[in-house]
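# Analysis of the macromolecular model
Each chain, written out:
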Amino acid sequence: MAVERTLSIIKPDAVAKNVIGKIYTRFEDAGLKIVASRMAFLSQAEAEGFYAVHRERPFFADLVKFMTSGPVVIQVLEGENAVLAHRDLMGATDPKKAAPGTIRADFADSIDANAVHGSDSLENAANEIAYFFPSSQVFSR
Ligand code: RTP
Ligand code: MG
C-alpha cells in the first residue's frame, strides 16, 4: 500500500451541526493525518468549478446552492490508501444507504445534505487538492 493524499470537505450541514471536531477525530482515529486545513465560504463560481464534472447532472444546481449555503471546512488527509480509506469512513452518498458507524450514517440528513465530500480517485484527489491549496499550504508529516 502507498501513502496517498485525498481532499475532504466538511459540508455546510455538518459545520452548522457543530461536529467538525467529531469528524476530525474519525480521520485521526483511522490513521489519516490532516496535512492542510482551512474554513471557507465558497462562492458560486468556486462551487461550480469544484463540481464541474457534475455540470450536466439534474442535481447540479441544488448541489451548488447547498455548497454555498454556509461555511465549509476543507482539508487534505494523508495516509496509507487514503482515498479509499476516507471513502470508507464517509459511507454511501445517500445516508439512508450508508453503513452504520460511517460519517454519513451518523451525521447526514439526506442525499443533498450529506455532511462530507471525499475525492473518489487518486487522480481526482490531486486535482481537487490543487484547486483549494497551493503546495506551500500542505504540510506533509
Ligand atoms: P461527494 O462528491 O460530495 O463526495 O459525493 P459522492 O462522491 O458520494 O457523490 P457524487 O456522485 O460525486 O455526487 C456529488 C453530490 O451530489 C449530490 N447528489 N445528488 N439526487 C441525486 O441523485 C444525487 N446524486 C448525487 C450529493 O449531495 C453528492 O454528495
Ligand atoms: Mg463525488
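Model, not experiment: these values are computed from the prediction. Throughout this description, residue numbers start from 1 for each chain and increase along the sequence as written. Here chains are named by letter from A upward and ligands by number from 1 upward, in the order in which they appear as written. The predicted origin of the model limits local features to residues at a pLDDT of at least 70 and limits the giving and counting of side-chain atom pairs to 80 or more, whereas totals for whole chains, interfaces and linings rest on all residues. Values reported for side chains reflect all heavy atoms of the structure, with hydrogen atoms and water molecules removed beforehand.

### Focus: the UniProt feature "domain: Nucleoside diphosphate kinase-like" (unreviewed entry) in the protein
Rules: UniProt positions are given in the numbering used here, feature names are shortened, and annotations may be inferred rather than shown by experiment. Counting from the N terminus, the helices are the DSSP runs of H or I reaching at least four residues and the strands are the DSSP runs of E reaching at least two.
As recorded in UniProt, the sites labelled "domain: Nucleoside diphosphate kinase-like" (unreviewed entry) are residues 3-140. Counted over residues 3-140, helix gives 40% and strand 20%. Its end C-alpha atoms are 11 Å apart.

### A look at the site of ligand 1
For clarity, the threshold we go by: Here, proximity means that at least one heavy atom of the residue falls within 4 Å of the molecule or strand. For this analysis, a polar contact is any N or O atom pair within 3.5 Å, provided that within protein one partner can donate a hydrogen and the other can accept it, and provided that sequence-adjacent residues contribute only side-chain to side-chain pairs. The accessible surface values rely on the Shrake-Rupley method and a 1.4 Å probe; as for residues, cover is taken only from the protein chains in view.
Residues in close proximity to ligand 1 total 14 residues, the closest being K11, Y51, T93, I111 and N114. Y51 places a polar side-chain atom, nitrogen or oxygen, 2.7 Å from an oxygen atom of ligand 1. N114 places a polar side-chain atom, nitrogen or oxygen, 2.8 Å from an oxygen atom of ligand 1. Bound to the protein, ligand 1 loses 79% of the 560 Å² it would expose on its own. When contributions to the shell around ligand 1 are tallied by element, the ones reaching two or more residues are α5 (82-90) and β4 (116-118).

### Side note on the side chain of N114
Cut-off, in case you're wondering: Exposed residues in this analysis have more than 50% of their type's maximum accessible area, buried residues have under 20%, and partly exposed residues fall in between, with area computed by a 1.4 Å probe over protein chains only. Contacts between residues were defined by any pair of non-hydrogen atoms, one from each residue, lying within 4.5 Å.
Along the chain, N114 falls in the loop between α6 (103-107) and β4. Taking relative accessible area as the criterion, N114 reaches 2% and is therefore assigned buried. One polar contact links the side chain of N114 to the main-chain carbonyl oxygen of I111, over a distance of 3.3 Å. With sequence-adjacent residues up to four places away left out, N114 is seen in contact with K11, D13, F66, T93, P95, R104 and A108.

### With respect to helix α2 (residues 20-29)
Filter applied, for reference: Each C-beta atom gives one direction from the helix axis, and the arc is the one those directions make.
When α2 is considered as a whole, its buried residues turn out to be I23, Y24 and F27. Projected down its long axis, α2 shows its buried positions confined to an angular sector of 100°, all on one face. Residues K22 and D29 are exposed on α2 and point more than 90 degrees away from its buried face. Where α2 ends, the next residue or the one after it, G31, has phi of about 90°, a positive value.

### Describing the pairing of strand β3 (residues 72-80)
Regular strands show a simple pattern: their side chains alternate between the two faces of the sheet. Note the following rule: Should DSSP find at least two bridges between two strands, the strands are taken to pair.
In terms of residue burial, β3 counts as a mostly covered element, since eight of its nine residues are buried. Note that strand β1 (residues 3-10) and β3 share eight bridges and pair antiparallel. Across the sheet, R5 pairs through a bridge with E78, a residue of β3. In the sheet, strand β2 (residues 33-40) pairs with β3 via seven bridges, with the strands oriented antiparallel. The residue bridging M39 from the neighbouring strand is V73, located in β3.

### A short note on the nonpolar core
So the rule is basically this: Residues belong to a common nonpolar core when they are buried Ala, Val, Leu, Ile, Met, Phe, Trp, Tyr or Cys residues joined through side-chain atoms within 4.5 Å.
Membership of the largest hydrophobic core comes to 22 residues, with the highest contact counts inside it found for L7, M67 and I74. Every element with two or more residues in this core is listed here: β1, β2, α3 (44-50), α4 (60-67), β3 and α7 (122-132). By residue number, the principal contributor to this core is α4, which donates five residues. Leaving out residues up to four positions away in the same chain, L7 has contacts with F50, I74, Q75, V76, H86, H117, G118, S119, E128, I129, F132 and F133. Within the second largest apolar cluster, 18 residues are counted, among which are I23, I103, F107 and V116.

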